[in-house]
Amino acid sequence: MEIGLPDEQGRQQILRIHTSKLRESECLGEDVDLAEVAHETKNYSGAELEGVVKAAVSHALFQRMDLKSLGQALTPEMLRNIKVTQQDFRLALTEVRSHCLQVSHGCMSGVSVTPLTRLLSVHGPHGAQVIPLYGVDREQAPQFFPYGMIPYGPAFDRVMRAGQAVIRMFHSTPNSMTYSLLLEGDHGAGKTAIAAMLAKESEFPFHKIITPKDITSRAAGDAGKVQLLNKWFDDSFKSKMSMLVLDDFEKLIELSHSCALTQSHSLTIAQSHSLAHCRTIALAHNQLHHYTPTPRFSNPSTLALAHNPVVLSLTPHTHSTGPRFSNPILQCLQAWMAYTPQAGHKLLIVSTTSCYEKLRTYEMADGFTEVIHVPCLASPADMEAVLKVVTAAMFFVTAARDCLDDADAHRAAADLSSCGEIPMKKLLSLIQRAQGEKSSTATATTPIPSPAPSPAGTPAPCRLTYDELMAQFRLSRDSVVCMPTPFSLQRDAAALAAQVGLPAPAATSTSTM
Ligand SMILES: Nc1ncnc2c1ncn2[C@@H]1O[C@H](COP(=O)(O)OP(=O)(O)OP(=O)(O)O)[C@@H](O)[C@H]1O
């Protein structure tokens with residue numbers, strides 16, 4: 001029979017038991033609030049709570065003990081001078097992870113000269129944070145939004161509200177359930193950041209963000225990966241309310257779509273058309289940016305079109321071999337999405353994808369309860385909000401000189417939005433690049449001005465300007481090569497050009513923004 005993790009009241013009782021000796025020997029500070037500690041230790045097991053008490057004691061010893069007495073047995077007099085306070089408990093729960101020891105899971109060292117040295121050997125010189133095996137790693141979610149979350153506008157609010165409504169439902173319903181949300185949108189739109197934000201906000205006793213790298217770095221082969229996923233799902237059900245974020249669903253299931261070119265394509269062109277035709281077409285296009293299937297080549301109207309370089313844009317002649325994916329992993333995830341947990345247990349699965357259409361086509365998205373679209377930044381107001389906040393937050397050390405001023409942010413947002421939607425990631429990288437460029441130029445020419453904020457009202461000496469940001473935008477736009485199937489198009493264009501006696505074509509630059 002499996003004994004579940006203690007609830008808040010149970011944790012308080014366990015803490016009371018483990019602190020009873022301290023209380024009896026008057027070593028427990030009056031400010032110690034075990035109810036608060038119990039509230040902060042969601043999903044801690046009994047052994048882990050014992051570890052928290054020990055870690056708090058070790059903090060108190062370090063803070064208040066004369067280090068000369070290290071190695072000696074603790075006398076009642078020494079103990080009387082040491083009181084474990086609420087601050088020691090807080091430190092035990094929040095200290096940096098690098099000093100973490102999972103006290104309850106076999107890390108107890110055998111060194112035990114005296115009670116004091118044993119404590120020190122267990123908790124290290126700075127004490128230790130006790131991370132519950134089935135609890136929340138509070139540092140994980142914020143890693144996915146390093147500049148903080150920018151609620152840039154109504155589009156963002158709509159997505160967050162939809163997610164928050166599900167979380168509220170979880171808090172209010174007593175029914176057990178598994179609910180799966182799919183956040184879909186373009187690459188870099190901010191899906192993972194939103195999923196991580198929802199996990200952080202949820203206040204669920206257990207949440208975990210699983211990325212494809214987490215799996216590939218820990219398991220090999222379908223069987224190993226399925227086993228790992230099953231373990232994480234099992235862990236999540238140790239808690240009454242849990243959330244698992246499955247980032248990049250299509251990568252988790254290893255989805256790829258392979259297209260094979262028809263083998264004799266370029267030969268067919270050469271054989272069925274005169275060299276003059278090929279040359280005309282090649283010249284008209286300058287670069288053979290798009291692939292031309294044989295049947296349309298032999299059509300006179302296609303040839304006429306060929307003289308207009310703008311119009312001719314034909315589908316690559318490919319032979320699709322269909323989707324490839326890991327069926328065992330997909331089956332595993334779909335089975336968990338359909339799983340009804342034992343009474344009182346609830347699991348929220350939030351997944352992200354930038355390949356929703358493919359998942360839908362192959363009926364891989366059917367298992368999700370709800371799909372929410374995460375849009376790219378589209379309106380000038382949204383972009384302006386991001387430009388203003390990010391330039392300030394990203395470079396907080398030198399905020400005054402690195403921000404775009406309001407007028408520049410407004411102008412840049414208007415111009416960027418007129419070129420179409422931009423994924424959040426792209427806009428952030430533009431700002432970063434512009435800033436990087438500015439810093440390197442400043443370092444090369446003049447010393448960087450003092451980061452001290454300029455007096456209110458006067459323009460900062462070295463602000464990021466509209467021109468600098470837009471220069472990066474143009475650079476990124478012009479250097480992006482849009483090649484739907486890069487290798488095949490490039491190779492075949494080169495092959496055709498060689499056959500018609502032209503130099504190999506250069507790749508075409510096309511805006512993707
Ligand atoms: N609202 C936001 N506020 C601040 N930063 C954000 C916001 N949304 C996204 N970001 C940042 O933008 C970058 C890209 O976001 P994220 O990785 O979540 O995109 P994604 O849609 O999951 O991308 P992909 O499809 O490539 O996995 C990250 O650095 C993230 O921190």
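Our subject in this report is the structure included herewith. (Residues numbered from 1 in each chain as written. Predicted model: local features only at pLDDT ≥ 70, side-chain atom pairs only at ≥ 80, totals over all residues. Heavy atoms only, no water.)

1. With respect to the overall build of the chain
Quick reminder of the rule: Note on conventions: DSSP H or I runs of at least 4 residues are helices, E runs of at least 2 residues are strands, and numbering of each starts at the N terminus. Buried, partly exposed and exposed residues are distinguished by accessible area as a fraction of the type maximum, computed with a 1.4 Å probe on protein chains only: under 20%, between the cut-offs, and over 50%, respectively. Residues are treated as being in contact if the distance between any of their heavy atoms lies within 4.5 Å. The accessible surface values rely on the Shrake-Rupley method and a 1.4 Å probe; as for residues, cover is taken only from the protein chains in view.
Helix and strand content of the chain: 24 helices and 7 strands. Out of the 513 residues in the chain, the part that is buried amounts to 45%. Residue pairs at least 24 apart in sequence account for 83% of intrachain contacts in the chain once pairs closer than 6 positions are excluded. In the form shown here, the chain has an accessible surface area of approximately 25400 Å², with 56% of it arising from carbon and sulfur atoms.

2. Concerning the side chain of Ser 242
For the record, the criterion: Two N or O atoms form a polar contact when they lie within 3.5 Å of each other; inside protein one atom must be a possible hydrogen donor and the other a possible acceptor, and for residues adjacent in sequence the pair counts only when both atoms belong to side chains.
Its place among the elements puts Ser 242 in strand 3 (residues 241–246). Residue class for Ser 242 comes out buried when judged on its relative accessible area of 0%. Polar contacts involving the side chain of Ser 242 include one to the main-chain carbonyl oxygen of Ser 236, which spans 2.4 Å. Contacts of Ser 242, omitting those with residues within four sequence positions, involve Phe 204, Phe 206, Ser 236, Lys 346, Leu 347 and Leu 348.

3. Comments concerning the packing of aromatic side chains
Geometry of an aromatic ring pair is reported as the spacing of the ring centres plus the angle between the planes. Applied cut-off: Each aromatic pair joins two rings of Phe, Tyr and Trp (for Trp, the six-membered one) with centres within 6.5 Å, and gets the label stacked for planes under 30 degrees apart, edge-to-face for over 60, and tilted for any other angle.
All chains considered together, the criterion is met by 7 aromatic pairs. Ring geometry for Phe 170 against Phe 204: centres 5.7 Å apart, planes inclined by 25°, an arrangement best described as stacked. Taken as a pair, Phe 170 in helix 8 (residues 154–172) and Phe 204 in the loop between helix 9 (191–202) and strand 2 (206–210) lie far apart in primary sequence, 34 residues in all. Residue Phe 170 shares its accessibility class with Phe 204, and that shared class is buried.

4. Let's talk about helix 9
Here is the rule we go by: A helix is expected to reach a length of 1.5 Å times the quantity of its residues less one.
A rise of 1.5 Å per residue sets the reference length of helix 9, with its 12 residues, at 16 Å; its end C-alpha atoms lie 16 Å apart and thus fit the reference within 8%. Here helix 9 lies mainly inside the structure; 10 of its 12 residues are buried. Buried within helix 9 we find Lys 191, Thr 192, Ala 193, Ile 194, Ala 195, Ala 196, Met 197, Leu 198, Ala 199 and Ser 202. Residues of helix 9 that are buried in the fold lie against helix 8, strand 1 (177–184), strand 2, strand 3 and strand 6 (346–353). A positive backbone phi angle near 65° is found at Glu 203, which sits one or two residues after helix 9.

5. Quick look at the site of the ligand
The condition that has to hold: Any residue with at least one heavy atom within 4 Å of a molecule or strand is counted as near it. Lys, Arg, Asp and Glu make up the charged group, whereas Ala, Val, Leu, Ile, Met, Phe, Trp, Tyr, Cys and Pro make up the nonpolar group; the residues left over, Gly among them, are polar. For the purposes of this description, domain bounds are those given by an automatic or database domain assignment.
Taken together, 21 residues are adjacent to the ligand, and Phe 144, Ile 150, Lys 191, Thr 192 and Ala 193 come closest. The separation between an oxygen atom of the ligand and a polar side-chain atom of His 187 is 3.3 Å. The separation between an oxygen atom of the ligand and a polar side-chain atom of Asp 248 is 3.3 Å. Across the complex, the protein chains shield 88% of the 630 Å² of accessible surface that the ligand would expose by itself. The set of elements that each furnish at least two residues to the shell around the ligand consists of helix 9 and helix 22 (424–445). When grouped by side-chain class, the residues that make up the shell around the ligand number 11 nonpolar, 6 polar and 4 charged. In terms of domain composition, the shell around the ligand takes at least three residues from each of domain 2 (141–255 + 325–373) and domain 4 (380–479).

6. Looking at the sheet that holds strand 1
We count it as follows: We call two strands paired when DSSP finds no fewer than two bridges between them. Geometry is summarised by axes, namely lines fitted to C-alpha atoms with helices restricted to the contacting stretch, and by angles between N-to-C directions that run from 0 to 180 degrees.
Pairing in this open sheet of 5 strands is parallel, and the strands run 2-3-6-1-7 from one edge to the other. What marks the edges here is a single partner per strand, and that holds for strand 2 and strand 7 (370–373). In this sheet, neighbouring strand axes are inclined to one another by 15° on average, regardless of whether the strands run parallel or antiparallel. Examined bridge by bridge, strand 2 and strand 3 share 5 bridges and lie parallel to one another. Paired with Ile 210 across the strands is Leu 246, a residue of strand 3. In this fold helix 11 (residues 221–236) packs onto strand 2, strand 3 and strand 6, with an angle of close to 155° to the strand it touches most, strand 3. Across the sheet, helix 17 (residues 327–337) lies against strand 1, strand 3 and strand 6, angled at about 125° from strand 1, the strand it touches most.

7. Thoughts on the side chain of Gln 86
Here Gln 86 is to be found in helix 6 (residues 86–94). The residues contacting Gln 86, other than those within four sequence positions of it, are Asp 31, Val 32, Asp 33, Glu 36 and Val 37.

Interpretation in functional terms is not warranted from these geometric data alone.
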